[in-house]
Amino acid sequence: ENPNPLKSFENVGNPPGTLPLQRCGGDCDGDADCDIGLFCMQLKGGEEVPGCSGSRNNWDYCADINDFDYGFTLLPTGGWTNDWFYSKPL
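Please read these numbers as outputs of a predicted model, since none were measured by experiment. (Residues numbered from 1 in each chain as written. Predicted model: local features only at pLDDT ≥ 70, side-chain atom pairs only at ≥ 80, totals over all residues. Heavy atoms only, no water.)

**Details of the packing of aromatic side chains**
For any pair of aromatic rings, the description consists of the separation of the ring centres together with the inter-plane angle of the planes. By the definition in use, this model includes three aromatic pairs. With a centroid separation of 5.9 Å and an interplanar angle of 35°, the aromatic rings of phenylalanine 39 and phenylalanine 68 are classed as tilted. Placement of phenylalanine 39 in strand β4 (residues 39–41) and of phenylalanine 68 in the loop between β6 (61–63) and β7 (73–76) is noted, with a sequence separation of 29 residues between them. Of the residues examined, phenylalanine 39 reaches a relative accessible area of 24% and is grouped as partly exposed. Looking at phenylalanine 68, the relative accessible area reads 18%, which means it is buried. (Phe/Tyr/Trp six-rings, centres within 6.5 Å; stacked < 30°, edge-to-face > 60°. Helix = DSSP H or I, 4+ residues; strand = E, 2+ residues; numbered from the N terminus. Buried < 20%, exposed > 50% of the residue type's maximum accessible area, 1.4 Å probe, protein only.)

**Focus on the pattern of salt bridges**
It is possible for side chains of opposite charge to pair when their charged atoms get near one another. Per the stated rule, a full pass over the model turns up two salt bridges. Among the ionic pairs, glutamate 10 bridges to lysine 7, the shortest N-O distance being 3.2 Å. The class for glutamate 10 is partly exposed, based on a relative accessible area of 31%. Residue class for lysine 7 comes out partly exposed when judged on its relative accessible area of 25%. Residues aspartate 67 and arginine 23 are paired through a salt bridge, measuring 2.8 Å at the closest nitrogen-oxygen approach. (Salt bridge = Lys/Arg side-chain N within 4 Å of Asp/Glu carboxyl O.)

**Quick look at the nonpolar core**
Listed in full, the 10 residues of the largest apolar core are Phe9, Cys24, Met41, Leu43, Val49, Cys52, Trp59, Tyr61, Ala63 and Phe68. By size, the runner-up hydrophobic cluster in this structure holds six residues, among which are Cys28, Cys34, Leu38 and Cys62. (Core = buried A, V, L, I, M, F, W, Y, C linked by side-chain atoms within 4.5 Å.)

Remember, this is a structural readout, not a statement about activity or role.
Below, the structure is given as structure tokens:
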């Protein structure tokens, strides 16, 4: 279950005036623009940003992998090829 509460978008600006951006903060250009543990979700147009709600611009936003629910788990195998192990839901 997702430990994060739903959060409103923070439309900080393009380029960001305050770094690092927090969860649901935009506009990020890469993962380095986001706070530790977050990644920059590059949107192509119209996609939902899991865990975020409210009014947003057509920007890219910092997201938390914990906000995604794929119905399965991907775990790194620790191999040299950056491969992933697919696990069915528990």
